[in-house]
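Structural description and commentary
Here are the chains, one letter per residue:
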Amino acid sequence: MELAISSARASGTHPASDELTAQQLLEIYRLMFLSRSVDDREINLKRQQKIYFQISAAGHEALQVGAALALRPGYDWFFPYYRDRALCLVLGVTPYEMMLQAVGAATDPASGGRQMPTHWSSRPLHIVSTSSSTATQLLHAVGCAEAGRVFSRHPEAAAKADGDYRAFHDVDFHGDEVALACIGEGSTSQGEFWEAINTASNQKLPVIFCIEDNGYAISVPVEVNTPGGNISRLVKNFPNFHFDEVDGNDPVVCLRAFQKAAAHCRAGRGPALVHGHCVRLYSHSLSDDDKSYRSAAEREADLLCDPNARMRTRLIGEGIATSAELDELERKLEREAAEAAERALEATLPSVEGITAHVYSEDLDPTRAVFGSEQPQPPAKANGSGAADGQKGAGARTMAGLINACLRDEMRRDPRIVVYGEDVADASRAEALAEVKGKGGVFKLTAGLQTEFGAERVFNSPLAEANIVGRAVGYAVRGMKPVVEVQFFDYIWPAMHQIRNELALMRWRSNGEWAAPVVLRAPIGGYLTGGAIYHSQSGESIFTHLPGLRVVFPSNALDANGLLRTAIRCDDPVLFLEHKRLYRETYGRAVYPGPEFAIPFGKAKVVRPGADITLITYGALVPRSLQAAQHAQHEHGIETEILDLRSLNPYDWEAIAASVRKTHRVIVAHEDMLSWGYGAEIAARIADELFDELDAPVRRIGSMDTFVAYQPILEDAILPQPETILKAIVELKGY
Ligand SMILES: Cc1ncc(C[n+]2csc(CCOP(=O)(O)OP(=O)(O)O)c2C)c(N)n1
Ligand SMILES: [Mg+2]
C-alpha cells in the first residue's frame, strides 16, 4: 500500500465493506482516482492543443475497477471499449502508456500513433485491439471464447506446430479463462450485440458482457435506444446466462457482481451479463458539450452520484482514512498523471516512412512460393468423397470438387482450422446422417467435412453474416484458422462493417501486435440464367479497396485448389471469391494436384499467348475471353494475349507490363459494373506508367451500371458476353 495510513486501520477489515480490507478499499480508491487524474490531465493537454482527442471514463470508474479486479490480465481476455480507462489501468496499462497514445507517439504500445487515445491493445495483458466501432468487439469476444474451448478440448490444436508455414505463436489457454466485453447501453442497439449474446447463450460460452449504462449515447437518452429504457429487462430470457443489474457507482458491489459472473463462466455454465448503472460526469468527449442537450438538474443529479466522491466519503465515514490523508494521496496521483504526461510529450513521434508497415504480414509473403509446391503432384489415390462434384476417382474434377478437396487436405493437416457458415454442415442434427447424405453447403462445397472432422470443427452458424466474420476475428486473434463461408456474395453486406473496420485493420491499427488471418469464402457472380439481382452480384473492387485484405478470384479448378491452399496457410485475411457459374463447368476441370499444391498470390497466368492485344481479365470472363479470342483469330487474324490475374490484391503488375510492352494495346475486362470497377484502377495505372508503350487508349469492358435482372434476355444484355469482348478486340486492333 502506498499510503501512509496507520497500520492498524490499514490491515483491519470492516464489516460494512463486505469483508474487503481497508487496504483493499484504499487500493480501489487509488485506482479510481488515478484513472480520473489521467483523464483530467489529458483534458488539460487537449485544451492546450498538445493532444488531438479526449474521451473520459469519468463516472465509470467503480464499474470498471470492479470488473478488472475480478479478472486476471494475461490469463482472461479483454475486449474493452473507448471509455474503459479505469479497466485498462487496473489490468496493467500505465498512465505513461496512456499518455503515449494521447500524443500519438511512436512508442504508443497500443498502436504506434495510429489510433485515438483509449483504443486499447496489449498482447501481454490479453487486451485485444479495439476499434471505434460500437459493439463489433463483442463478436470477437465470442470467437475468442470459442477458440479457448477448442484448445482445451483438443490439445493437438494448441500444440506448437514447428516448421509450419504459419507462425503458430502465442497459443495461450488455461481451460477456465473468460472473455470480458464491454459496451455502453446505447450500443446494445447494434445488431452485433444481439448476434453476440445469441451465440454466447446458445453455445454456453464463457463471455462476460459488461453494459456500462450511463443513460446516454452521445446526446441520445437510453429510452430512445432501448424499449422500456432497461436492457436487463429485454435480455432476461436468453438461456444459460447469469444476469446481474447493479449500482455501477459502488465498486464493491461491482467487484462482487463480476466475481459471481466470472465464477459462472469458469464453471462452464454459460455467459454472464452485468448491467451497471453509472453516470457520465463529463460530456461524451471533448468534442461534445452536454449542456446543449441535458438539463442542469439532470447534470447536477449525476454529479451527486460521482463514484469517486462517494468512495472518498465512504473511506472517511468508515474511518479507513482521514480527509487529509486522502488529500495527500490525491495530490500524489495527480502528480503521477502529470509526470506521465510530461514524459510522453518528450516521446519520439512515428516516422512517415513507417506508415505502411503492418498493413500485411511481414512474416509471411504470400507472393512467394513458400506455401507448398507449384507443381501438381497427383497421388494415386484421389482425395475426398466426390460429393462436391459428383466425381470419384482420379479423373478431372470440377472447381467445386477441388475446393472441397483442398479444405479436406488442410483440415487433416491443421487441427486449428474450423469451417462454419450458413448450411455448411452436413446436418446439425448429426443423428440424421445415418439415413441422409448431408447438405454440406448450398453449393456442396463443404460436403462431407462435418462427417469427417466432426461437429466441433464444421458447423452451421446462425443466419447472420456479421456473426460469421466477427467470431472469425476472435478465433484468429487466438491463433485458430477459421475458414468461413458467406453463402452468397450478395449477402456479404451485413458483414461489411466487420470486414472493413475489424478484419482488414486488425494488424495495421495494432501496429503489428494482433492479426486476424481469416479465410472468407464467398460464391460470387452471375451468368446463372435466373440468378437475378440477389444471386448474381459482383463487387470485388469494393474489397480490393480495403488495405489489409487479400482478394483472390480463380477461374478454374486447379487455380482454385492452389490459391485456396495459399489462402489458408497465409497470415493475412483473404477474401476468396468463387464464381458460382464456374463451380461445375466443363471448362477448367483438373486432376487432383495433391495436398501440397499451392499457387502464390499475385501471379497472373497467360492463358493464351498473342502479339496483337493484351486482354487482362479474371473469373468468369476468362472462358468468355478465350471464346472471343478464338473468333478474333479465325475471323480477323488478331492474336489476343489473355492474362488471367487470378488474384486481385495483390495483382501481377509485372505480367501486365510485360504483355503491354509486347502488344501496345490493352483491354481490361470484368463481369462487375464498368464504372468505378476493378478495371478502372488497372487502366489508370497503365495510362500512368506505360503511356509511352500504348498505340491506342486502354479499353474497359464490364457489365452495365445496373444490377443483374432475372429475365434471361435482360441478364444477357446486362452482363458482358463473348461478342462484347470480340467487338472490343476488333475495334481496338483497328484503332
Ligand atoms: C458503429 C458506430 N456508430 C456510431 C458511432 C459514433 N458513436 C461513438 S460513441 C457513440 C455513442 C455510444 O453510446 P453508448 O454505447 O451508450 O456508450 P457511451 O459513450 O455512453 O459510454 C456513437 C453514436 C460509432 N463509434 N460506431
Ligand atoms: Mg451510454
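Residues numbered from 1 in each chain as written. Chains lettered and ligands numbered in written order. Predicted model: local features only at pLDDT ≥ 70, side-chain atom pairs only at ≥ 80, totals over all residues. Heavy atoms only, no water.

A closer look at the coordination of the magnesium ion (ligand 2)
On the protein side, the magnesium ion (ligand 2) has Glu185 (OE), Asn214 (OD1) and Tyr216 (O) as donor atoms, found 2.1 to 2.3 Å from it. Spacing between the donor residues of the magnesium ion (ligand 2) along their common chain follows E-x28-N-x1-Y. Each member of the pair, Asn214 as well as Tyr216, carries the same accessibility label: buried. (Donors = N, O, S within 2.8 Å, 3.2 Å for Na, K, Ca; no water. Buried < 20%, exposed > 50% of the residue type's maximum accessible area, 1.4 Å probe, protein only.)

A closer look at the site of ligand 1
Taken together, 17 residues lie around ligand 1, and Tyr81, Tyr82, Arg83, Ser187 and Tyr216 are the ones closest in. Contact distances for ligand 1 include 2.7 Å between an oxygen atom and a side-chain N or O atom of Tyr82. A distance of 2.7 Å is found between an oxygen atom of ligand 1 and a backbone nitrogen or oxygen belonging to Tyr216. A total of 590 Å² of accessible area belongs to ligand 1 in isolation, and the protein chains cover 74% of it. Here the shell around ligand 1 is built from residues that sort into five nonpolar, 10 polar and two charged. (Near = heavy atom within 4 Å. Polar contact = N/O pair within 3.5 Å; in protein donor to acceptor, adjacent residues only side chain to side chain. Areas by Shrake-Rupley, 256 points an atom, 1.4 Å probe, with all protein chains shown as cover. Nonpolar A, V, L, I, M, F, W, Y, C, P; charged D, E, K, R; others polar.)

Section: the environment of Leu520
Here Leu520 shows up in strand β12 (residues 519–524). A residue is classified by how much of its surface remains accessible, and Leu520, at 2% relative accessible area, is buried. Considered as a pair, Leu520 and Val486 are 34 residues apart in the sequence and their alpha carbons are 7.1 Å apart. (Helix = DSSP H or I, 4+ residues; strand = E, 2+ residues; numbered from the N terminus.)

With respect to the side chain of Arg569
Structurally, Arg569 can be placed in helix α21 (residues 557–569). Only 2.8 Å separates the side chain of Arg569 from the side chain of Glu410, close enough to count as a polar contact.

Digging into the sheet that holds β12
Pairing is mixed in the open sheet, where seven strands are placed in the order β10-β9-β11-β12-β14-β13-β19. The two strands at the open ends of the sheet, each matched to only one other strand, are β10 (458–460) and β19 (647–649). On average, adjacent strands in this sheet sit at an angle of 20 degrees to one another, irrespective of strand direction. Across two bridges, strand β13 (residues 550–552) lies against β19 in antiparallel orientation. Residue Val552 lies in a different strand from β19, and its bridge partner there is Ser647. (Pairing = 2+ DSSP bridges. Axes fitted to C-alpha atoms, helices over the stretch in contact; angles between N-to-C directions.)

Notes on the nonpolar core
Of all hydrophobic cores here, the largest spans 84 residues; its most connected members are Phe209, Ile499, Phe543, Ile656 and Ile686. It is helix α6 (residues 136–153) that contributes the most residues to this core, nine residues altogether. With residues near it in sequence (within four places) discarded, Phe543 still touches Phe489, Ile492, Trp493, Met496, Ile499, Leu549, Val551 and Leu575. Phe53, Val178, Ile208 and Ala262 belong to the second-largest nonpolar core, a separate cluster that totals 70 residues. (Core = buried A, V, L, I, M, F, W, Y, C linked by side-chain atoms within 4.5 Å. Contact = heavy atoms within 4.5 Å.)

Examining the environment of Asp612
Residue placement: Asp612 occurs in the loop between β16 (605–608) and β17 (613–617). For the pair Asp612 and Val660, spaced 48 residues apart in the sequence, the C-alpha separation amounts to 9.6 Å. Aside from chain neighbours lying at most four places away, what touches Asp612 is Gly637, Ile638, Glu639, Thr663, Arg665 and Lys733. A polar atom in the side chain of Asp612 sits 2.7 Å from the backbone nitrogen of Glu639.

Details of the pairing of strand β21 (residues 699–703)
Across four bridges, strand β20 (residues 666–673) lies against β21 in parallel orientation. Within β21, the residue paired with Ile667 across the bridge is Arg699. Handedness of the crossover joining β20 and β21 through helix α24 (residues 678–689) is recorded here as right-handed. (Right-handed = clockwise from strand over helix to strand, strands pointing away.)

Let's talk about the packing of helix α23 (residues 653–663) against α24
Running from N to C, α23 and α24 point in directions that differ by 60 degrees, and their axes come no closer than 12 Å. Judged on the interaxial angle alone, α24 and α23 are oblique. The handedness of the crossing between α23 and α24 comes out as right-handed. Contacts between α23 and α24 pair Trp653, Ile656 and Val660 from the former with Ile682, Arg685, Ile686 and Glu689 from the latter. (Parallel < 35°, antiparallel > 145°, perpendicular 65-115°, else oblique. Left-handed = near helix turned anticlockwise from the far one by under 90°.)

Details of the packing of aromatic side chains
Here the distance between the centres and the angle between the planes together describe a pair of aromatic rings. For the structure on display, the rule yields 21 aromatic pairs. Ring geometry for Phe193 versus Trp194: centroids 5.0 Å apart, planes at 80 degrees, classification edge-to-face. Ring centres of Tyr651 and Tyr678 lie 6.4 Å apart, and the angle between their planes is 85 degrees; on these two criteria the pair is classed as edge-to-face. Taken together, the residues span a long stretch of sequence, with Tyr651 in the loop between β19 and α23 and Tyr678 in helix α24 at a distance of 27 residues. Site record: aromatic cluster; members linked through ring pairs are Phe193, Trp194, Phe209, Phe238, Phe241 and Phe243. The ring centre of Tyr96 lies 3.7 Å from the NZ or CZ of Arg343, which sits over that ring. Over the face of the ring belonging to Trp653 we find Arg685, whose NZ or CZ atom lies 4.1 Å from the ring centre. (Phe/Tyr/Trp six-rings, centres within 6.5 Å; stacked < 30°, edge-to-face > 60°. Lys NZ or Arg CZ within 6 Å of the ring centre and 35° of its normal.)

A closer look at the confidence of the model for the protein
Across the protein, the average pLDDT comes to 94, with 94% of residues at or above 70. For residues 1–16, every residue scores under 50 in pLDDT, and the model assigns this stretch 32 contacts once sequence neighbours within four places are set aside. (pLDDT = per-residue confidence, 0-100.)

Focus on the pattern of salt bridges
All chains considered together, the criterion is met by 42 salt bridges. One salt bridge in this structure joins Glu502 and Arg509, with 2.9 Å as the shortest N-O distance. Each member of the pair, Glu502 as well as Arg509, is classed as buried. Glu731 is paired through a salt bridge with Lys727; the nearest N and O atoms lie 3.3 Å apart. With Glu731 and Lys727 both in helix α26 (residues 722–733) and four residues apart, the pair spans about one turn of that helix. Overall, the relative accessible area of 54% leaves Lys727 in the exposed class. Members of the salt-bridge network, linked through shared partners, are Asp409, Glu410, Arg413, Arg565, Arg569 and Glu596. (Salt bridge = Lys/Arg side-chain N within 4 Å of Asp/Glu carboxyl O.)

Overview of the sheet that holds β16
Sheet architecture is open: five strands sit in the order β16-β18-β17-β20-β21, paired in mixed fashion. Taken across any chain shown, the strands that pair with only one partner, and hence form the sheet edges, are β16 and β21. Between one strand axis and the next, the sheet turns by 25 degrees as a mean value, whatever way the strands run. The pairing of β17 with β20 spans three bridges and is parallel. Residue pairing in the sheet places Ile616 in a bridge with Val668 of β20. Strands in contact with α24 are β17, β20 and β21; relative to β20, the strand with the most contacts, it is inclined by about 160 degrees. Set on the sheet, α26 makes contact with β17, β18 (640–644), β20 and β21; between it and β21 the angle comes to about 170 degrees.

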